[in-house]
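Now for the letters of each chain:
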Amino acid sequence: MNASLNVGLTPQQIVEAMLHAAVYCGFPRALNATFTAKKVFAERGLLPVE
């Protein structure tokens with residue numbers, strides 16, 4: 001998440017990529033990734049994601 005934000009992706013783009021990946025990696029893993037993203041976004045002051 002941090003690397004993606006460092007290279008210029010927006011939080012919206014990251015969340016959208018995780019939604020698309022959920023089909024391939026499974027819902028539980030996508031949910032864990034979402035919780036991790038939320039934690040990183042909170043640390044960087046990027047919440048709420050629109």
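What counts and what doesn't
- Residues numbered from 1 in each chain as written.
- Predicted model: local features only at pLDDT ≥ 70, side-chain atom pairs only at ≥ 80, totals over all residues.
- Heavy atoms only, no water.
- Helix = DSSP H or I, 4+ residues; strand = E, 2+ residues; numbered from the N terminus.
- Buried < 20%, exposed > 50% of the residue type's maximum accessible area, 1.4 Å probe, protein only.
- Expected span 1.5 Å × (residues − 1).
- Arc of directions from axis to C-beta.
- Contact = heavy atoms within 4.5 Å.

Trainee: So what's going on with the environment of F41? Which residues, and what values?
Mentor: Secondary-structure assignment places F41 in helix α3 (residues 27-43). Owing to a relative accessible area of 2%, F41 belongs among the buried residues under this scheme. Through-space distance from the C-alpha of F41 to that of P11 is 7.5 Å; in sequence the pair is 30 residues apart.

Trainee: Any chance you could break down unusual backbone geometry for me, citing the residues and the numbers?
Mentor: The step from L47 to P48 runs through a cis peptide bond, and the omega angle for that step is -5°. Relative to the elements of secondary structure, P48 occurs in the segment after α3.

Trainee: Kindly report on α3, identifying the contributing residues and their values.
Mentor: Helix length check: α3 (17 residues) gives 24 Å between terminal C-alpha atoms against 24 Å at 1.5 Å per residue, within 8%. Taken as a whole, α3 has its buried residues at A30, A37, V40 and F41. In a view along the axis of α3, the buried residues occupy a sector of 95°, so they form one face of it. Structural note: α3 exposes P28, F35, K38, K39 and E43 on the side pointing more than 90 degrees away from its buried face. In this structure, the buried residues of α3 make contact with α1 (2-6) and α2 (11-25). Looking one or two places after α3, you find G45, whose phi comes out positive at around 70°.

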